[in-house]
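Next come the chains, spelled out residue by residue.
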Amino acid sequence: AKYLKMLLNYKPPTEEEEEEEDTDKDKDSDGLEFKYLLAKSIFNSRYTLAWRWQNDGENIHFEINSSADGWLGIGLGGADMINTDVVIGYVDDGELKLRDSYGEREDTPSRDNDMGGSTDVTPLGHETVGGRRIIRFSRKANTGDQKFDHVIVAGQNIEMIWAYHSSSDSLKYHGDTNRGAVELTFI
């Protein structure tokens with residue numbers, strides 16, 4: 001209840017407040033900054049996910065921080081690619097691009113909107129700091145896309161996959177070691 005109250009009362013800083021001070025940033029044990037940190041999971045030394053519920057209680061801001069130079073992705077609602085809600089971020093000509101996708105099999109996931117669903121992720125920005133690529137995006141906990149998006153419920157466990165490509169922004173296979181599965185609770 002304490003965390004939920006904090007989350008519901010959180011108001012993102014204005015651009016002016018962010019320029020004046022970095023109070024909305026936290027650092028992990030390696031000194032890496034996470035703009036949207038409230039909860040964080042370190043999947044391996046090359047890939048970390050941070051997230052924060054917004055004060056409306058409906059939207060979640062995500063931040064993936066990785067030493068990889070290629071695409072970065074997460075999948076919600078499964079321990080593998082099959083029937084998993086997937087978001088993939090990459091940088092194209094200096095602009096963050098996101099793919100709101102759905103994994104039907106162990107292969108490149110299809111875009112939701114190509115299958116009759118909707119695109120329900122919003123890019124918030126990207127940067128490279130200290131040799132680490134950072135991408136930020138948001139989505140509603142319940143997007144309304146019932147066929148292709150997994151509903152995230154505060155306080156409930158959710159199976160999640162993560163993957164990245166070490167050097168390519170095109171959707172090439174991530175390899176056997178640049179991926180994993182975890183179970184998280186979005187607090």
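Just so we're clear, the structure is a prediction, and the values are computed from it rather than from any experiment. (Residues numbered from 1 in each chain as written. Predicted model: local features only at pLDDT ≥ 70, side-chain atom pairs only at ≥ 80, totals over all residues. Heavy atoms only, no water.)

Notes on the sheet that holds strand β6 (residues 72-76)
Worth spelling out the cut-off: Each pair of strands is called paired provided DSSP finds at least two bridges between the two strands. The numbering of helices and of strands both runs from the N terminus, where a helix is a DSSP run of H or I of at least 4 residues and a strand a run of E of at least 2.
Strand order across the open sheet formed by six strands is β9-β8-β7-β6-β12-β13, with antiparallel pairing between neighbours. The sheet is open, and its two edges are formed by β9 (110-111) and β13 (179-185), each paired on a single side. Two strands pair when backbone bridges link them, and β6 and strand β7 (residues 84-92) are joined in this way by five bridges, in the antiparallel orientation. Note that in β7 the partner of Gly75 across the bridge is Val86.

Overview of the packing of aromatic side chains
Any aromatic ring pair is given by two values, namely how distant the centres are and how the planes are angled relative to each other. Note the threshold: What counts as a ring pair is set by centres within 6.5 Å for rings of Phe, Tyr and Trp (its six-membered ring), and what kind of pair is set by the plane angle: stacked under 30 degrees, edge-to-face over 60, tilted for all other angles. Throughout this description, buried means an accessible area under 20% of the type-specific maximum (1.4 Å probe, protein chains only), exposed means over 50%, and partly exposed covers the range between.
If you walk through the whole model with that rule in mind, you get five aromatic pairs. On the basis of an interplanar angle of 20° and a centroid distance of 5.1 Å, the ring pair of Phe62 and Phe137 is categorised as stacked. Of this pair, Phe62 sits in strand β5 (residues 59-66) while Phe137 sits in strand β11 (residues 132-140), placing them 75 residues apart in sequence. Between Trp162 and Tyr164, the aromatic rings sit 6.2 Å apart at their centres with planes inclined by 10°, giving stacked as the arrangement. The residues Trp162 and Tyr164 share a single accessibility class, namely buried. In textbook terms, an aromatic cluster arises when at least three aromatic residues are bridged by ring pairs, as seen for Tyr47, Trp162 and Tyr164.

Some words on the pairing of β5
Summarising burial for β5: eight of the eight residues are buried, a large majority. Across the two faces of β5 the burial is the same, with Asn59, His61, Glu63 and Asn65 and Ile60, Phe62, Ile64 and Ser66 all buried. Hairpin remark: strand β4 (residues 47-53) followed by β5, antiparallel, with five residues in the connecting loop; positive phi at Gly57, about 75°. Pairing geometry for β5 and β11, over eight bridges, is antiparallel. Looking across to β11, one finds that Ile64 is bridged to Ile135.

Remarks on the pattern of salt bridges
When the charged atoms of two side chains lie near each other, side chains of opposite charge can form a pair. How we decide: Throughout this description, the term salt bridge denotes a Lys or Arg side-chain nitrogen within 4 Å of a carboxyl oxygen of Asp or Glu.
The final tally for this structure, using the stated rule, is five salt bridges. Close ionic contact of Glu95 with Lys97 constitutes a salt bridge, the shortest N to O distance being 3.8 Å. Assessed through its relative accessible area of 45%, Glu95 is described here as partly exposed. Each of the salt bridges in this network shares a partner with another, and the network as a whole consists of Glu63, Glu127 and Arg136.

Thoughts on the environment of Gly130
Residue placement: Gly130 occurs in the loop between β10 (121-129) and β11. On a C-alpha basis, the gap between Gly130 and Ser67 in space is 8.8 Å, while along the polypeptide they are 63 residues apart.

Side note on the confidence of the model for the chain
Cut-off, in case you're wondering: Confidence of the predictor at the level of single residues is captured by pLDDT, which takes values from 0 to 100. Throughout, a contact is declared for two residues whenever any of their heavy atoms are within 4.5 Å.
When pLDDT is averaged along the chain, the result is 75, and 72% of the positions lie at 70 or above. Of all secondary-structure elements in the chain, the lowest mean pLDDT belongs to helix α1 (residues 2-9), at 36, while β11 reaches the highest, 92. Contacts of residues 1-14 to residues separated by more than four positions or lying in other chains number 19 contacts, the stretch itself having pLDDT below 50. Note that residues 17-38 has pLDDT below 50 and, in this model, 47 contacts with residues that lie over four places away or in other chains.

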